[in-house]
Amino acid sequence: MANRVINFNAGPATLPLDVLKIVQQELLDYKGAGMSVMEISHRSKYYDQINDEAIAIFREVLGLDDSYHVLFMGGGASTQFALVPMNFLAKDKTAAYVDTGSWSSKAIKEAKLFGNVHLAGSSKETNFDHIPTDIDFPDDAVYLHLTSNNTIFGTQFQSFPDAGNVPLVCDMSSDIASRVHDFTKFDLIYAGAQKNLGPAGATVVIINDKMLAKCADGNPTMFNYKTHADKKSLYNTPPVLSVYIVKLVMEWVKAQGGLAGVEKANIAKKERIYQLIDLNPDYFRGTVKPDSRSWMNITFRLPSEELEKKFIAEATEAGLSGLKGHRSVGGIRASIYNAMSKEGVDKLAQFMEDFKKAN
Ligand SMILES: *Cc1c(COP(=O)(O)O)cnc(C)c1O
């Protein structure tokens, strides 16, 4: 058995061990093909089946009918920052954005290349320590864009604003498929795979017929969502290995009891750590407002930067890896995505208690 650490990396991040074992087992000879998934034609019956099953498992787990298209694109979520306004915004139109941190700020920057941006809400003034509640936007906005979970600052929408007739677009890169939602509220969802879904490479885009019909004409073929929807993501060579593993991860989510199952586990995990923070507020200093706390990325500071360095070094020594906060925030960040086990979180909690006693 490989010597695996408990991996709190923000992304690329830990994957379910059961999934990695399937990948390992199927790697050299995929279901009798005599080749690995990486070596099979993306036009073969083998890949066709992977692609169809990957689309189907997303619809099933998220509760979407076939008016929702599931696309597997390249370029990461960062490319979607540009493709969304390229397809739906124009010079004389306005898109609304809620700015809740670095990722939304980057999305806003791209949108401004294509048209007007209305800031529907922002927590920038308090260094993104909460999710704004006073969200307002014009009725004729071409869409309202949200970032459901802020991977860097550790905040998360606990519920989503009602966008009325304005299409709702959401970057769910770091919390897709982690809790129960009505996903039919959204017209377009995108997520880079490498946080909660699988290895980097594939970017999942979920878009409904209504939104698809609004894609601008005249964009380069690869930058038009219709191209990918019409060809079931097989217009060009998709990131095959990533799609295959994303499919396995979603099947794993289903086996955990689907969204209800992972939600239950994720609540137990985040509460274990937030309780410690609440019990020791002078020592484990939470960086965000309690009502905006992320279930996926828990951020906190210690009384000094020296202690933070020591904490990270000793944690690494103890097999708890990836706890350093993002360079723009500092402190500690524990990313506890779907694939992080409760045992892993319990070990972190024990380590935190021991560290506090000793320091
Ligand atoms: C990581 C992340 C991104 C960027 O993803 P890439 O795939 O690296 O482009 C965008 N949005 C959020 C919320 C993220 O966590």
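Above this text is the structure in question.
Because the structure is a prediction, the values reported are computed rather than measured. (Residues numbered from 1 in each chain as written. Predicted model: local features only at pLDDT ≥ 70, side-chain atom pairs only at ≥ 80, totals over all residues. Heavy atoms only, no water.)

Let us look at the environment of A141. Within the fold, A141 resides in the loop between strand 4 (116-122) and strand 5 (144-147). Distance in space between the C-alpha atoms of A141 and T287 is 33 Å, their sequence separation being 146 residues. Those residues in contact with A141 that sit more than four places away from it in its chain are T94, A96, V166 and P167. (Helix = DSSP H or I, 4+ residues; strand = E, 2+ residues; numbered from the N terminus. Contact = heavy atoms within 4.5 Å.)

With omega at -10°, the peptide bond leading from G11 into P12 counts as cis. You can see P12 is positioned in the loop between strand 1 (6-7) and helix 1 (17-26). One non-glycine residue, K232, adopts positive backbone phi at about 50°. In this structure, K232 sits in the loop between helix 6 (225-230) and helix 7 (240-255). The exposure class of K232 is partly exposed, given its relative accessible area of 37%. In the Ramachandran plot, S233 falls in the positive-phi region, its phi being about 65° despite a non-glycine side chain. (Buried < 20%, exposed > 50% of the residue type's maximum accessible area, 1.4 Å probe, protein only.)

Here the focus is the layout of surface pockets. Approximately 550 Å³ is the volume attributed to the largest pocket. What lines the largest pocket is a set of 25 residues, and nearest its centre among them are L17, A339, M340, S341 and E343. Mapped onto the lining of the largest pocket, the elements with two or more residues apiece are strand 1, helix 1, helix 8 (258-279) and helix 10 (342-358). Ranked by the residues each element gives to the lining of the largest pocket, the list is headed by helix 8, at five residues. (1 Å grid on protein atoms, 1.4 Å probe; cavity = no way out; pocket = protein on both sides within 12 Å on 5 of 7 lines; lining within 4 Å. Points joined across faces, edges and corners; volume = space filled by probe spheres on them.)

As far as function goes, none of this settles anything; it's purely spatial.
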